[in-house]
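# Understanding the architecture of this molecule
Spelled out from the first residue to the last, the chains are:
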Amino acid sequence: MDEGDFLARLGGDDFALITPREKIYFEKFLAKLERNVIGRHKVGNTIVPLELNIGISRYPEDAENAMLLGKYADNALKMVQKEQGRYHYYHHEITAV
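What comes next concerns the included structure. All values reported here derive from a predicted model rather than from experimental measurement.

Procedures and definitions
Residues numbered from 1 in each chain as written. Predicted model: local features only at pLDDT ≥ 70, side-chain atom pairs only at ≥ 80, totals over all residues. Heavy atoms only, no water. Helix = DSSP H or I, 4+ residues; strand = E, 2+ residues; numbered from the N terminus. Expected span 1.5 Å × (residues − 1). Buried < 20%, exposed > 50% of the residue type's maximum accessible area, 1.4 Å probe, protein only. Polar contact = N/O pair within 3.5 Å; in protein donor to acceptor, adjacent residues only side chain to side chain. Core = buried A, V, L, I, M, F, W, Y, C linked by side-chain atoms within 4.5 Å. Contact = heavy atoms within 4.5 Å. Salt bridge = Lys/Arg side-chain N within 4 Å of Asp/Glu carboxyl O.

Moving on to helix α2 (residues 66-83). Since the α-helix advances by 3.6 residues per turn, residues separated by three or four positions end up pointing in the same direction. An ideal rise of 1.5 Å per residue puts 26 Å on 18 residues; α2 measures up with 26 Å between its terminal C-alpha atoms. Turning to α2, its buried residues number three or more, namely Leu69, Tyr72, Ala73, Asn75, Ala76, Leu77, Met79 and Val80. Measuring from the backbone nitrogen of Met67 back to the side-chain oxygen at the start of α2 gives 3.2 Å, which picks out Asn65 as the cap. Backbone geometry just after α2 places Gln84 at a positive phi near 60°.

Written out as structure tokens, the structure reads:
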């Protein structure tokens, strides 16, 4: 993460990341995030395997308020889990299904 990024735990294993990055730089950021998070990490004497599933919504393209952005990111996350991918961008056709 860089200065300007904001990470919050929403509960359980759900987190929200707010970043000012433009979409053109976001793919590179996602690849870096995956390299640094996915894998096996040692915590004390315990090995913890970590995976990522990421649902992405963008301001202002997808919505202009936090509640809808969160809902749309969650919708995109459900597509990731359904398709067995790593991340998915929200698009309005998701909510039409």
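One recurring pattern in soluble globular proteins: nonpolar side chains tend to sit buried together. Phe26, Phe29, Leu30, Leu52, Ile54, Ile56 and Tyr89 form the largest nonpolar core, which has seven residues in total. Sorting the residues of this core by element identifies α1 (23-37) and β5 (54-56) as the ones contributing at least two each. Top element by residues in this core is α1. It accounts for three residues. Counting residues in hydrophobic clusters, the runner-up holds five residues, among them Ala63, Leu69, Tyr72 and Ala76.

Right, let's get into the side chain of Ser57. With respect to the element layout, Ser57 can be found in the loop between β5 and α2. Apart from residues no more than four positions distant in its own chain, Ser57 is found in contact with Asp62, Leu69, Tyr72, Ala73 and Tyr90.

To continue, consider the pattern of salt bridges. Tallying each qualifying case throughout the model produces four salt bridges. Its salt-bridge partner being Arg21, residue Asp5 comes within 2.8 Å of it at the nearest N-O pair. Of this pair, Asp5 sits in the segment before β1 (6-11) while Arg21 is found in the loop between β2 (14-18) and α1, placing the two residues 16 residues apart along the sequence. Residue Arg21 is classed as partly exposed on the basis of its relative accessible area, which comes to 22%. Among the ionic pairs, Glu61 bridges to Arg58, the shortest N-O distance being 3.6 Å. The exposure class assigned to Glu61 is partly exposed, which follows from its relative accessible area of 47%. A single network of salt bridges, built from pairs that share partners, joins Asp2, Asp5 and Arg21.

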